Amino acid sequence: MNLAPHEFMTGSRPLIRLHDVSKKYRSGTVALHRIRLDIGRGEFVSLLGPSGCGKSSLLRMIAGLATPTSGEIDWPTAEYDVRYQPRPKLSFVFQEPTLMPWATIFDNVFLPLRLAGIPRSAATPRIMDALSSVGLDKFAGAYPRQLSGGMKMRASIARALVTEPDLLLMDEPFAALDEITRSRLNDDLLKVFQAQKWTVIFVTHSVFESVYLSSRLLVLSSRPGRIIADLPISAAYPRDQAFRTDPAYIALCREASSALTSAMGAAVEAH
Amino acid sequence: MRPDIPLWLRVLAPCVIALGLLLLWEVLVRSLKIPKFVLPPPSLIYEALLEDLPSLLASLWVTLKVTLEAFSIASIGGVLLAILCARSRLFELCLFPYAVILQVTPVVAIAPLILIWVGVEHLERAVLILASIVAFFPILSNTILGLKSVNPDLVSMFSLYHARSWQRLILLDLPNALPYLLAGMKISGGLALIGAVVAEFVAGSGNGTGLAWRVVESANDLNIPRMFAALTLLSSLGLLIFLLMNGLSFLLLRHWHESAMRREG
(Lines give C-alpha, C1' and ligand atoms only; values in the text may rest on other atoms or scores of the structure.)
Protein backbone atom coordinates (compact mmCIF):
# COMPACT_ATOMS: atom_id res chain seq x y z
CA MET A 1 0.00 0.00 0.00
CA ASN A 2 1.35 3.41 -0.96
CA LEU A 3 0.98 6.10 1.60
CA ALA A 4 0.11 9.62 0.59
CA PRO A 5 2.62 12.27 1.75
CA HIS A 6 0.42 13.69 4.50
CA GLU A 7 0.15 10.28 6.10
CA PHE A 8 3.84 10.27 6.88
CA MET A 9 3.40 13.60 8.56
CA THR A 10 0.25 12.93 10.56
CA GLY A 11 0.63 9.22 11.01
CA SER A 12 -3.09 8.74 10.56
CA ARG A 13 -4.65 6.93 7.70
CA PRO A 14 -8.16 7.67 6.49
CA LEU A 15 -11.04 5.32 7.20
CA ILE A 16 -12.10 5.31 3.55
CA ARG A 17 -10.21 6.29 0.46
CA LEU A 18 -11.93 6.70 -2.90
CA HIS A 19 -9.61 6.44 -5.92
CA ASP A 20 -11.14 8.07 -8.99
CA VAL A 21 -14.50 6.43 -8.44
CA SER A 22 -16.87 6.77 -11.40
CA LYS A 23 -20.36 5.46 -11.88
CA LYS A 24 -22.12 5.18 -15.19
CA TYR A 25 -25.71 3.95 -15.28
CA ARG A 26 -26.86 1.43 -17.84
CA SER A 27 -28.70 4.24 -19.58
CA GLY A 28 -25.30 5.84 -20.30
CA THR A 29 -25.73 8.71 -17.84
CA VAL A 30 -22.50 9.44 -15.98
CA ALA A 31 -23.66 9.77 -12.38
CA LEU A 32 -20.26 10.29 -10.79
CA HIS A 33 -17.01 11.30 -12.43
CA ARG A 34 -13.60 10.44 -10.90
CA ILE A 35 -14.39 11.10 -7.27
CA ARG A 36 -11.19 11.30 -5.23
CA LEU A 37 -11.80 11.53 -1.53
CA ASP A 38 -10.40 10.57 1.87
CA ILE A 39 -12.66 10.40 4.87
CA GLY A 40 -11.02 10.21 8.28
CA ARG A 41 -12.21 8.47 11.39
CA GLY A 42 -14.54 10.60 13.49
CA GLU A 43 -15.59 12.95 10.69
CA PHE A 44 -19.22 13.90 10.14
CA VAL A 45 -19.28 14.39 6.39
CA SER A 46 -22.31 15.75 4.59
CA LEU A 47 -22.78 15.22 0.88
CA LEU A 48 -24.81 18.13 -0.42
CA GLY A 49 -25.98 18.42 -3.97
CA PRO A 50 -28.92 18.87 -6.31
CA SER A 51 -31.17 15.92 -7.13
CA GLY A 52 -29.57 13.43 -9.48
CA CYS A 53 -25.96 14.35 -8.64
CA GLY A 54 -25.20 10.75 -7.72
CA LYS A 55 -24.79 11.34 -3.98
CA SER A 56 -27.02 8.38 -3.13
CA SER A 57 -25.11 6.25 -5.62
CA LEU A 58 -21.88 7.21 -3.88
CA LEU A 59 -23.33 6.18 -0.55
CA ARG A 60 -24.54 2.85 -1.90
CA MET A 61 -21.13 2.14 -3.41
CA ILE A 62 -19.42 2.87 -0.10
CA ALA A 63 -21.89 0.47 1.53
CA GLY A 64 -21.07 -2.18 -1.05
CA LEU A 65 -24.67 -2.19 -2.31
CA ALA A 66 -23.49 -1.06 -5.74
CA THR A 67 -20.15 -1.32 -7.52
CA PRO A 68 -18.22 1.52 -9.16
CA THR A 69 -17.94 1.43 -12.95
CA SER A 70 -14.28 2.34 -12.52
CA GLY A 71 -12.01 3.29 -9.66
CA GLU A 72 -11.66 1.76 -6.24
CA ILE A 73 -12.88 2.17 -2.70
CA ASP A 74 -10.26 1.29 -0.09
CA TRP A 75 -10.50 0.80 3.63
CA PRO A 76 -6.88 1.46 4.66
CA THR A 77 -7.39 0.80 8.36
CA ALA A 78 -9.91 -2.00 8.19
CA GLU A 79 -9.02 -5.27 9.80
CA TYR A 80 -9.44 -7.67 6.96
CA ASP A 81 -11.28 -10.83 7.64
CA VAL A 82 -10.51 -12.60 4.39
CA ARG A 83 -13.44 -14.97 4.57
CA TYR A 84 -16.29 -12.75 5.50
CA GLN A 85 -16.06 -9.05 6.05
CA PRO A 86 -13.27 -7.16 4.35
CA ARG A 87 -14.73 -3.91 5.71
CA PRO A 88 -15.35 -2.13 8.93
CA LYS A 89 -18.84 -2.48 10.34
CA LEU A 90 -21.32 -0.35 8.42
CA SER A 91 -24.83 0.73 9.12
CA PHE A 92 -27.18 2.33 6.66
CA VAL A 93 -30.17 4.55 7.34
CA PHE A 94 -32.48 4.89 4.37
CA GLN A 95 -34.71 7.77 3.39
CA GLU A 96 -37.71 5.77 4.55
CA PRO A 97 -37.62 4.17 8.01
CA THR A 98 -37.55 0.75 6.26
CA LEU A 99 -38.85 -1.16 9.27
CA MET A 100 -40.40 -4.59 8.99
CA PRO A 101 -44.09 -3.93 9.66
CA TRP A 102 -44.72 -7.42 11.07
CA ALA A 103 -42.05 -7.09 13.76
CA THR A 104 -42.09 -5.06 16.96
CA ILE A 105 -39.67 -2.16 17.36
CA PHE A 106 -37.59 -4.45 19.58
CA ASP A 107 -37.41 -7.12 16.89
CA ASN A 108 -36.62 -4.57 14.20
CA VAL A 109 -33.67 -3.30 16.20
CA PHE A 110 -32.68 -6.89 17.03
CA LEU A 111 -32.45 -7.76 13.33
CA PRO A 112 -28.79 -6.88 12.61
CA LEU A 113 -27.66 -8.80 15.71
CA ARG A 114 -29.95 -11.69 14.92
CA LEU A 115 -28.50 -11.94 11.42
CA ALA A 116 -25.05 -12.06 13.00
CA GLY A 117 -26.16 -15.04 15.07
CA ILE A 118 -26.33 -13.30 18.45
CA PRO A 119 -28.97 -14.87 20.71
CA ARG A 120 -31.86 -12.73 21.90
CA SER A 121 -30.90 -12.87 25.57
CA ALA A 122 -27.38 -11.61 24.86
CA ALA A 123 -28.68 -8.94 22.52
CA THR A 124 -31.39 -7.55 24.79
CA PRO A 125 -29.24 -5.10 26.82
CA ARG A 126 -27.68 -3.72 23.64
CA ILE A 127 -31.09 -3.32 22.02
CA MET A 128 -32.49 -1.51 25.05
CA ASP A 129 -29.42 0.77 25.11
CA ALA A 130 -29.88 1.63 21.44
CA LEU A 131 -33.59 2.27 21.98
CA SER A 132 -33.07 4.48 24.99
CA SER A 133 -30.38 6.51 23.20
CA VAL A 134 -33.05 7.57 20.68
CA GLY A 135 -35.76 7.88 23.36
CA LEU A 136 -37.79 4.86 22.30
CA ASP A 137 -37.20 2.52 25.25
CA LYS A 138 -40.88 2.66 26.20
CA PHE A 139 -41.92 1.58 22.71
CA ALA A 140 -39.95 -1.66 22.43
CA GLY A 141 -43.14 -3.71 22.19
CA ALA A 142 -44.94 -1.42 19.75
CA TYR A 143 -45.40 -2.15 16.08
CA PRO A 144 -44.08 0.35 13.50
CA ARG A 145 -47.56 1.39 12.37
CA GLN A 146 -48.35 2.59 15.90
CA LEU A 147 -45.53 5.13 15.73
CA SER A 148 -45.33 8.56 14.09
CA GLY A 149 -42.98 9.24 11.18
CA GLY A 150 -40.35 10.78 13.45
CA MET A 151 -40.49 7.88 15.89
CA LYS A 152 -40.15 5.36 13.07
CA MET A 153 -37.03 7.20 11.92
CA ARG A 154 -35.69 7.05 15.49
CA ALA A 155 -36.26 3.29 15.46
CA SER A 156 -34.41 3.10 12.17
CA ILE A 157 -31.48 4.98 13.73
CA ALA A 158 -31.57 2.68 16.78
CA ARG A 159 -31.28 -0.28 14.44
CA ALA A 160 -28.22 1.32 12.88
CA LEU A 161 -26.70 2.00 16.32
CA VAL A 162 -27.15 -1.42 17.76
CA THR A 163 -24.22 -2.97 15.89
CA GLU A 164 -21.89 -0.20 17.15
CA PRO A 165 -20.77 0.55 13.59
CA ASP A 166 -17.50 2.20 12.61
CA LEU A 167 -19.28 4.04 9.87
CA LEU A 168 -22.86 5.23 9.65
CA LEU A 169 -24.24 5.99 6.21
CA MET A 170 -27.40 8.08 6.05
CA ASP A 171 -29.30 8.67 2.82
CA GLU A 172 -31.52 11.75 3.28
CA PRO A 173 -32.95 10.22 6.45
CA PHE A 174 -35.02 13.22 7.51
CA ALA A 175 -36.20 14.41 4.10
CA ALA A 176 -39.74 13.15 4.58
CA LEU A 177 -40.23 14.68 8.04
CA ASP A 178 -41.73 18.00 9.03
CA GLU A 179 -39.42 20.85 10.01
CA ILE A 180 -39.94 20.60 13.77
CA THR A 181 -39.41 16.85 13.94
CA ARG A 182 -36.44 17.19 11.66
CA SER A 183 -34.77 19.78 13.83
CA ARG A 184 -35.28 17.66 16.97
CA LEU A 185 -33.87 14.61 15.24
CA ASN A 186 -30.87 16.64 14.11
CA ASP A 187 -30.11 17.50 17.73
CA ASP A 188 -30.61 13.93 18.89
CA LEU A 189 -28.41 12.61 16.11
CA LEU A 190 -25.63 14.98 17.17
CA LYS A 191 -25.93 13.82 20.77
CA VAL A 192 -25.54 10.19 19.75
CA PHE A 193 -22.73 11.10 17.33
CA GLN A 194 -20.72 12.63 20.15
CA ALA A 195 -21.40 9.79 22.55
CA GLN A 196 -20.48 7.06 20.05
CA LYS A 197 -17.43 8.63 18.32
CA TRP A 198 -18.69 7.51 14.95
CA THR A 199 -17.81 8.41 11.45
CA VAL A 200 -20.91 9.56 9.60
CA ILE A 201 -21.57 10.17 5.93
CA PHE A 202 -24.83 12.04 5.57
CA VAL A 203 -26.56 12.70 2.25
CA THR A 204 -28.92 15.65 2.15
CA HIS A 205 -30.12 18.44 -0.05
CA SER A 206 -30.71 20.84 2.80
CA VAL A 207 -27.97 23.44 3.18
CA PHE A 208 -29.00 24.31 6.75
CA GLU A 209 -29.12 20.72 7.92
CA SER A 210 -25.71 19.91 6.45
CA VAL A 211 -24.00 22.93 7.99
CA TYR A 212 -25.65 22.35 11.35
CA LEU A 213 -24.63 18.71 11.56
CA SER A 214 -21.32 18.21 9.87
CA SER A 215 -17.65 18.74 10.52
CA ARG A 216 -17.02 18.68 6.79
CA LEU A 217 -19.27 19.54 3.90
CA LEU A 218 -18.82 18.25 0.37
CA VAL A 219 -20.81 19.93 -2.39
CA LEU A 220 -21.44 17.85 -5.49
CA SER A 221 -22.36 19.08 -8.94
CA SER A 222 -24.86 17.13 -10.99
CA ARG A 223 -24.40 15.03 -14.13
CA PRO A 224 -21.71 14.11 -13.87
CA GLY A 225 -21.38 14.33 -10.11
CA ARG A 226 -18.11 15.85 -9.02
CA ILE A 227 -16.91 17.32 -5.77
CA ILE A 228 -16.78 21.07 -6.37
CA ALA A 229 -16.38 22.27 -2.79
CA ASP A 230 -14.88 20.74 0.34
CA LEU A 231 -15.71 23.00 3.27
CA PRO A 232 -14.44 22.30 6.78
CA ILE A 233 -16.92 23.32 9.47
CA SER A 234 -14.78 23.90 12.49
CA ALA A 235 -17.45 24.98 14.98
CA ALA A 236 -17.01 22.81 18.05
CA TYR A 237 -19.48 20.19 19.18
CA PRO A 238 -21.75 20.11 21.12
CA ARG A 239 -23.82 22.36 18.95
CA ASP A 240 -27.29 23.42 19.94
CA GLN A 241 -30.06 25.61 18.61
CA ALA A 242 -28.00 28.72 19.48
CA PHE A 243 -25.58 27.69 16.74
CA ARG A 244 -28.35 28.29 14.22
CA THR A 245 -28.18 32.04 14.84
CA ASP A 246 -24.38 32.16 15.15
CA PRO A 247 -22.71 34.45 12.56
CA ALA A 248 -20.27 31.67 11.68
CA TYR A 249 -23.19 29.34 10.93
CA ILE A 250 -24.85 31.95 8.75
CA ALA A 251 -21.61 32.66 6.88
CA LEU A 252 -21.12 28.94 6.26
CA CYS A 253 -24.69 28.54 5.02
CA ARG A 254 -24.09 31.40 2.60
CA GLU A 255 -20.88 29.81 1.40
CA ALA A 256 -22.52 26.39 0.98
CA SER A 257 -25.47 27.95 -0.84
CA SER A 258 -23.26 29.72 -3.34
CA ALA A 259 -21.28 26.50 -3.86
CA LEU A 260 -24.57 24.74 -4.49
CA THR A 261 -25.65 27.42 -6.93
CA SER A 262 -22.42 27.05 -8.86
CA ALA A 263 -22.93 23.28 -8.66
CA MET A 264 -26.13 23.70 -10.65
CA GLY A 265 -24.24 25.92 -13.09
CA ALA A 266 -21.42 23.41 -13.37
CA ALA A 267 -23.95 20.86 -14.51
CA VAL A 268 -24.62 22.94 -17.60
CA GLU A 269 -20.93 23.51 -18.38
CA ALA A 270 -19.99 19.86 -17.92
CA HIS A 271 -19.43 17.90 -21.10
CA MET B 1 -64.81 -4.14 9.02
CA ARG B 2 -66.60 -0.94 9.87
CA PRO B 3 -66.38 0.06 13.49
CA ASP B 4 -69.69 1.95 13.58
CA ILE B 5 -71.79 -1.26 13.62
CA PRO B 6 -71.47 -3.13 16.94
CA LEU B 7 -70.63 -6.84 16.95
CA TRP B 8 -73.97 -8.04 18.32
CA LEU B 9 -75.81 -6.30 15.52
CA ARG B 10 -73.46 -7.67 12.89
CA VAL B 11 -74.26 -11.19 14.12
CA LEU B 12 -77.93 -10.61 14.83
CA ALA B 13 -78.91 -8.89 11.58
CA PRO B 14 -78.12 -11.80 9.21
CA CYS B 15 -79.77 -14.21 11.69
CA VAL B 16 -82.99 -12.19 11.72
CA ILE B 17 -82.98 -12.11 7.91
CA ALA B 18 -82.42 -15.89 7.82
CA LEU B 19 -85.28 -16.55 10.23
CA GLY B 20 -87.57 -14.24 8.30
CA LEU B 21 -86.75 -15.91 4.99
CA LEU B 22 -87.26 -19.40 6.45
CA LEU B 23 -90.60 -18.35 7.84
CA LEU B 24 -91.66 -16.85 4.52
CA TRP B 25 -90.53 -20.03 2.75
CA GLU B 26 -92.55 -22.22 5.13
CA VAL B 27 -95.67 -20.09 4.78
CA LEU B 28 -95.46 -19.84 0.98
CA VAL B 29 -94.87 -23.57 0.46
CA ARG B 30 -97.80 -24.45 2.73
CA SER B 31 -100.24 -21.88 1.44
CA LEU B 32 -99.43 -22.48 -2.27
CA LYS B 33 -99.45 -26.27 -1.66
CA ILE B 34 -96.12 -26.80 -3.48
CA PRO B 35 -95.36 -30.54 -3.61
CA LYS B 36 -92.48 -31.55 -1.33
CA PHE B 37 -90.50 -33.16 -4.18
CA VAL B 38 -90.30 -29.72 -5.83
CA LEU B 39 -89.64 -27.55 -2.82
CA PRO B 40 -89.95 -28.99 0.68
CA PRO B 41 -90.70 -26.59 3.56
CA PRO B 42 -87.86 -25.90 6.04
CA SER B 43 -89.62 -27.94 8.72
CA LEU B 44 -89.50 -31.04 6.55
CA ILE B 45 -85.83 -30.46 5.70
CA TYR B 46 -85.11 -30.22 9.41
CA GLU B 47 -86.94 -33.49 10.02
CA ALA B 48 -84.98 -35.19 7.23
CA LEU B 49 -81.76 -33.84 8.72
CA LEU B 50 -82.56 -35.27 12.13
CA GLU B 51 -83.73 -38.56 10.71
CA ASP B 52 -80.59 -39.18 8.64
CA LEU B 53 -78.24 -37.39 10.98
CA PRO B 54 -75.79 -40.24 11.69
CA SER B 55 -75.31 -41.15 8.05
CA LEU B 56 -75.25 -37.51 6.93
CA LEU B 57 -72.65 -36.68 9.58
CA ALA B 58 -70.55 -39.61 8.41
CA SER B 59 -70.71 -38.20 4.89
CA LEU B 60 -69.91 -34.75 6.20
CA TRP B 61 -66.81 -36.16 7.85
CA VAL B 62 -65.68 -37.77 4.57
CA THR B 63 -66.10 -34.52 2.66
CA LEU B 64 -64.52 -32.46 5.43
CA LYS B 65 -61.55 -34.79 5.54
CA VAL B 66 -60.92 -34.74 1.81
CA THR B 67 -61.38 -30.96 1.71
CA LEU B 68 -58.90 -30.36 4.52
CA GLU B 69 -56.41 -32.80 3.04
CA ALA B 70 -56.65 -31.19 -0.39
CA PHE B 71 -56.36 -27.77 1.21
CA SER B 72 -53.24 -28.80 3.11
CA ILE B 73 -51.63 -30.35 0.05
CA ALA B 74 -52.44 -27.24 -2.01
CA SER B 75 -51.13 -24.91 0.70
CA ILE B 76 -47.86 -26.72 1.36
CA GLY B 77 -47.23 -27.53 -2.31
CA GLY B 78 -48.21 -24.04 -3.41
CA VAL B 79 -45.92 -22.32 -0.90
CA LEU B 80 -42.95 -24.59 -1.65
CA LEU B 81 -43.29 -24.13 -5.41
CA ALA B 82 -43.79 -20.38 -4.93
CA ILE B 83 -40.52 -20.19 -2.98
CA LEU B 84 -38.72 -21.98 -5.82
CA CYS B 85 -40.37 -19.68 -8.38
CA ALA B 86 -39.41 -16.56 -6.46
CA ARG B 87 -35.83 -17.79 -6.09
CA SER B 88 -35.32 -18.83 -9.70
CA ARG B 89 -36.77 -16.95 -12.62
CA LEU B 90 -35.95 -19.91 -14.87
CA PHE B 91 -37.88 -22.30 -12.65
CA GLU B 92 -40.85 -19.94 -12.71
CA LEU B 93 -40.73 -19.66 -16.51
CA CYS B 94 -40.69 -23.45 -16.76
CA LEU B 95 -43.40 -24.17 -14.21
CA PHE B 96 -45.86 -21.34 -14.41
CA PRO B 97 -47.41 -22.00 -17.85
CA TYR B 98 -48.31 -25.52 -16.76
CA ALA B 99 -49.77 -24.28 -13.51
CA VAL B 100 -51.93 -21.92 -15.54
CA ILE B 101 -53.01 -24.69 -17.94
CA LEU B 102 -53.93 -26.87 -14.97
CA GLN B 103 -55.89 -23.98 -13.54
CA VAL B 104 -57.85 -23.04 -16.68
CA THR B 105 -58.73 -26.60 -17.65
CA PRO B 106 -62.12 -27.40 -16.06
CA VAL B 107 -61.69 -29.96 -13.32
CA VAL B 108 -64.72 -31.90 -14.54
CA ALA B 109 -62.93 -32.49 -17.82
CA ILE B 110 -59.80 -34.01 -16.33
CA ALA B 111 -61.64 -36.02 -13.66
CA PRO B 112 -62.17 -39.12 -15.83
CA LEU B 113 -58.47 -39.13 -16.74
CA ILE B 114 -57.36 -38.91 -13.12
CA LEU B 115 -59.81 -41.69 -12.28
CA ILE B 116 -58.28 -43.97 -14.87
CA TRP B 117 -54.76 -43.17 -13.69
CA VAL B 118 -55.32 -43.85 -10.01
CA GLY B 119 -57.70 -46.72 -10.65
CA VAL B 120 -61.41 -46.95 -9.89
CA GLU B 121 -60.65 -48.83 -6.69
CA HIS B 122 -58.92 -45.70 -5.28
CA LEU B 123 -61.81 -43.33 -5.72
CA GLU B 124 -60.96 -41.20 -2.68
CA ARG B 125 -57.46 -40.66 -4.03
CA ALA B 126 -58.85 -39.31 -7.30
CA VAL B 127 -61.16 -36.97 -5.40
CA LEU B 128 -58.24 -35.77 -3.28
CA ILE B 129 -56.03 -35.12 -6.33
CA LEU B 130 -58.78 -33.23 -8.15
CA ALA B 131 -59.65 -31.08 -5.15
CA SER B 132 -55.96 -30.30 -4.62
CA ILE B 133 -55.55 -29.22 -8.25
CA VAL B 134 -58.48 -26.84 -7.97
CA ALA B 135 -57.25 -25.33 -4.68
CA PHE B 136 -53.60 -25.07 -5.67
CA PHE B 137 -53.37 -22.14 -8.06
CA PRO B 138 -54.52 -19.16 -5.94
CA ILE B 139 -51.98 -20.13 -3.27
CA LEU B 140 -49.16 -20.47 -5.78
CA SER B 141 -49.77 -17.21 -7.63
CA ASN B 142 -50.54 -15.14 -4.51
CA THR B 143 -47.50 -16.41 -2.65
CA ILE B 144 -45.20 -15.69 -5.60
CA LEU B 145 -46.57 -12.14 -5.68
CA GLY B 146 -45.97 -11.74 -1.95
CA LEU B 147 -42.44 -13.13 -2.07
CA LYS B 148 -41.55 -10.79 -4.90
CA SER B 149 -43.00 -7.60 -3.48
CA VAL B 150 -40.46 -7.12 -0.70
CA ASN B 151 -39.33 -3.55 -0.03
CA PRO B 152 -36.03 -3.18 -1.96
CA ASP B 153 -34.47 -1.12 0.87
CA LEU B 154 -35.15 -3.98 3.28
CA VAL B 155 -33.49 -6.32 0.80
CA SER B 156 -30.47 -3.98 0.70
CA MET B 157 -30.41 -3.92 4.48
CA PHE B 158 -30.40 -7.70 4.71
CA SER B 159 -27.48 -7.92 2.29
CA LEU B 160 -25.63 -5.14 4.16
CA TYR B 161 -25.79 -7.27 7.30
CA HIS B 162 -24.64 -10.35 5.38
CA ALA B 163 -27.91 -12.24 5.78
CA ARG B 164 -27.81 -15.81 4.56
CA SER B 165 -30.30 -16.99 2.01
CA TRP B 166 -32.39 -18.91 4.54
CA GLN B 167 -32.36 -15.98 6.97
CA ARG B 168 -33.74 -13.72 4.29
CA LEU B 169 -36.41 -16.27 3.43
CA ILE B 170 -37.57 -16.77 7.01
CA LEU B 171 -37.17 -13.25 8.38
CA LEU B 172 -38.11 -11.21 5.32
CA ASP B 173 -39.64 -12.94 2.31
CA LEU B 174 -42.09 -15.25 4.07
CA PRO B 175 -43.47 -12.69 6.57
CA ASN B 176 -43.90 -10.27 3.68
CA ALA B 177 -45.78 -12.91 1.69
CA LEU B 178 -48.05 -13.87 4.59
CA PRO B 179 -50.97 -11.49 3.83
CA TYR B 180 -50.88 -12.57 0.18
CA LEU B 181 -50.72 -16.24 1.18
CA LEU B 182 -53.69 -15.83 3.52
CA ALA B 183 -55.72 -14.10 0.80
CA GLY B 184 -54.90 -17.03 -1.48
CA MET B 185 -55.88 -19.51 1.23
CA LYS B 186 -59.24 -17.82 1.71
CA ILE B 187 -60.03 -18.44 -1.95
CA SER B 188 -58.50 -21.91 -1.93
CA GLY B 189 -60.44 -23.06 1.13
CA GLY B 190 -63.70 -22.58 -0.75
CA LEU B 191 -62.23 -24.01 -3.95
CA ALA B 192 -61.03 -27.16 -2.17
CA LEU B 193 -64.62 -27.85 -1.09
CA ILE B 194 -65.97 -27.13 -4.58
CA GLY B 195 -63.27 -29.36 -6.05
CA ALA B 196 -64.11 -32.18 -3.65
CA VAL B 197 -67.82 -31.95 -4.49
CA VAL B 198 -67.33 -31.76 -8.26
CA ALA B 199 -64.80 -34.59 -8.19
CA GLU B 200 -67.19 -36.75 -6.23
CA PHE B 201 -70.03 -36.01 -8.65
CA VAL B 202 -67.87 -37.18 -11.52
CA ALA B 203 -66.18 -40.04 -9.75
CA GLY B 204 -68.87 -41.41 -7.51
CA SER B 205 -70.62 -44.14 -9.47
CA GLY B 206 -72.27 -45.75 -6.50
CA ASN B 207 -69.13 -45.84 -4.36
CA GLY B 208 -69.33 -42.25 -3.19
CA THR B 209 -69.63 -41.71 0.52
CA GLY B 210 -69.20 -37.95 0.76
CA LEU B 211 -71.91 -35.32 1.02
CA ALA B 212 -71.88 -34.66 -2.73
CA TRP B 213 -72.83 -38.22 -3.37
CA ARG B 214 -75.66 -37.94 -0.83
CA VAL B 215 -77.05 -35.08 -2.91
CA VAL B 216 -76.92 -37.17 -6.10
CA GLU B 217 -78.37 -40.18 -4.31
CA SER B 218 -81.24 -38.17 -2.81
CA ALA B 219 -82.03 -36.70 -6.21
CA ASN B 220 -82.17 -40.19 -7.68
CA ASP B 221 -84.57 -41.27 -4.90
CA LEU B 222 -86.54 -38.06 -5.33
CA ASN B 223 -85.94 -37.54 -1.60
CA ILE B 224 -85.76 -33.80 -1.93
CA PRO B 225 -85.88 -32.99 1.81
CA ARG B 226 -82.77 -35.13 2.39
CA MET B 227 -81.11 -33.48 -0.59
CA PHE B 228 -81.74 -30.09 1.00
CA ALA B 229 -80.43 -31.40 4.31
CA ALA B 230 -77.19 -32.53 2.61
CA LEU B 231 -76.95 -29.19 0.81
CA THR B 232 -77.40 -27.34 4.10
CA LEU B 233 -74.52 -29.28 5.61
CA LEU B 234 -72.36 -28.56 2.55
CA SER B 235 -73.06 -24.83 2.80
CA SER B 236 -72.34 -24.88 6.53
CA LEU B 237 -69.03 -26.61 5.83
CA GLY B 238 -68.08 -23.95 3.28
CA LEU B 239 -69.12 -21.23 5.70
CA LEU B 240 -67.09 -22.81 8.50
CA ILE B 241 -63.96 -22.94 6.33
CA PHE B 242 -64.47 -19.31 5.36
CA LEU B 243 -64.91 -18.21 8.97
CA LEU B 244 -61.89 -20.20 10.11
CA MET B 245 -59.71 -18.64 7.41
CA ASN B 246 -60.97 -15.17 8.29
CA GLY B 247 -60.21 -15.81 11.95
CA LEU B 248 -56.74 -17.15 11.18
CA SER B 249 -56.03 -14.19 8.93
CA PHE B 250 -57.11 -11.73 11.60
CA LEU B 251 -55.09 -13.51 14.27
CA LEU B 252 -51.89 -13.45 12.23
CA LEU B 253 -52.20 -9.95 10.78
CA ARG B 254 -53.96 -7.99 13.52
CA HIS B 255 -50.82 -6.25 14.75
CA TRP B 256 -49.43 -4.99 11.54
CA HIS B 257 -51.42 -5.38 8.36
CA GLU B 258 -53.86 -2.73 7.17
CA SER B 259 -56.46 -5.34 6.26
CA ALA B 260 -56.85 -6.40 9.90
CA MET B 261 -56.80 -2.93 11.42
CA ARG B 262 -59.65 -1.16 13.09
CA ARG B 263 -59.47 2.47 12.15
CA GLU B 264 -60.08 5.09 14.80
CA GLY B 265 -63.33 6.90 14.15
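In this text the structure is predicted, and so the values were computed from the model without any measurement.

Novice: So, the confidence of the model for chain B: which residues are in play, and what are the values?
Specialist: Here chain B averages 89 in pLDDT, while 95% of its residues score no lower than 70. The ipTM assigned to the predicted complex is 0.85, against a pTM of 0.85.

Novice: Can you lay out the interface of chain B and chain A for me, pointing to particular residues and giving the numbers?
Specialist: Opposite the 21 residues of chain B that make contact, chain A presents 23 residues. Overall, the association of chain B and chain A removes approximately 2,100 Å² of surface from exposure, summing both partners, and the carbon and sulfur fraction of that is 69%. Together, B:Leu160, B:Tyr161 and B:Trp256 form the three largest contributors to the area buried by chain B at its contact with chain A, with a combined 31%. The interface formed by chain B and chain A includes 1 salt bridge. One salt bridge in this structure joins B:Glu258 and A:Arg145, with 3.2 Å as the shortest N-O distance.

Novice: Break down a nonpolar patch on the surface for me, citing the residues and quoting the values.
Specialist: A contiguous nonpolar surface patch, about 480 Å² in accessible area, is contributed by B:Ile5, B:Trp8, B:Leu9, B:Leu12 and B:Val16. Checked against the element boundaries, B:Val16 lands in helix 1 (residues 7–31).

Novice: Hey, could you go over the pairing of strand 5 (residues 90–93) of chain A for me, with residue numbers and the actual values?
Specialist: All names here are of chain A. Both faces of strand 5 are covered, namely the face carrying Leu90 and Phe92 and the face carrying Ser91 and Val93. The pairing of strand 5 with strand 6 (residues 167–171) spans 4 bridges and is parallel. Across the sheet, Ser91 pairs through a bridge with Leu168, a residue of strand 6.

Novice: Which residues make up the packing of helix 3 (residues 53–87) of chain B against helix 8 (residues 165–203) of chain B, and what values go with them?
Specialist: All names here are of chain B. Here helix 3 crosses helix 8 at 145 degrees, and the two axes come no closer than 7 Å. Between helix 3 and helix 8 lies a crossing of right-handed hand. Contact residues: Thr63, Val66, Thr67, Phe71, Ser75, Val79, Ile83 and Arg87 in helix 3; Ser165, Leu169, Asp173, Leu174, Leu181, Met185, Ser188, Gly189, Ala192, Leu193, Ala196 and Glu200 in helix 8. For the contact of helix 3 with helix 8, the class distribution of residues is 11 nonpolar, 6 polar and 3 charged.

Rules and cut-offs
Residues numbered from 1 in each chain as written. Chains lettered and ligands numbered in written order. Predicted model: local features only at pLDDT ≥ 70, side-chain atom pairs only at ≥ 80, totals over all residues. Heavy atoms only, no water. pLDDT = per-residue confidence, 0-100. Contact = heavy atoms within 4.5 Å. Buried area = accessible area lost by both parts, 1.4 Å probe. Salt bridge = Lys/Arg side-chain N within 4 Å of Asp/Glu carboxyl O. Patch = residues over 30% accessible without salt bridge, like charges linked within 9 Å, V, L, I, M, F, W, Y side chains within 5 Å. Areas by Shrake-Rupley, 256 points an atom, 1.4 Å probe, with all protein chains shown as cover. Helix = DSSP H or I, 4+ residues; strand = E, 2+ residues; numbered from the N terminus. Buried < 20%, exposed > 50% of the residue type's maximum accessible area, 1.4 Å probe, protein only. Pairing = 2+ DSSP bridges. Axes fitted to C-alpha atoms, helices over the stretch in contact; angles between N-to-C directions. Left-handed = near helix turned anticlockwise from the far one by under 90°. Nonpolar A, V, L, I, M, F, W, Y, C, P; charged D, E, K, R; others polar.

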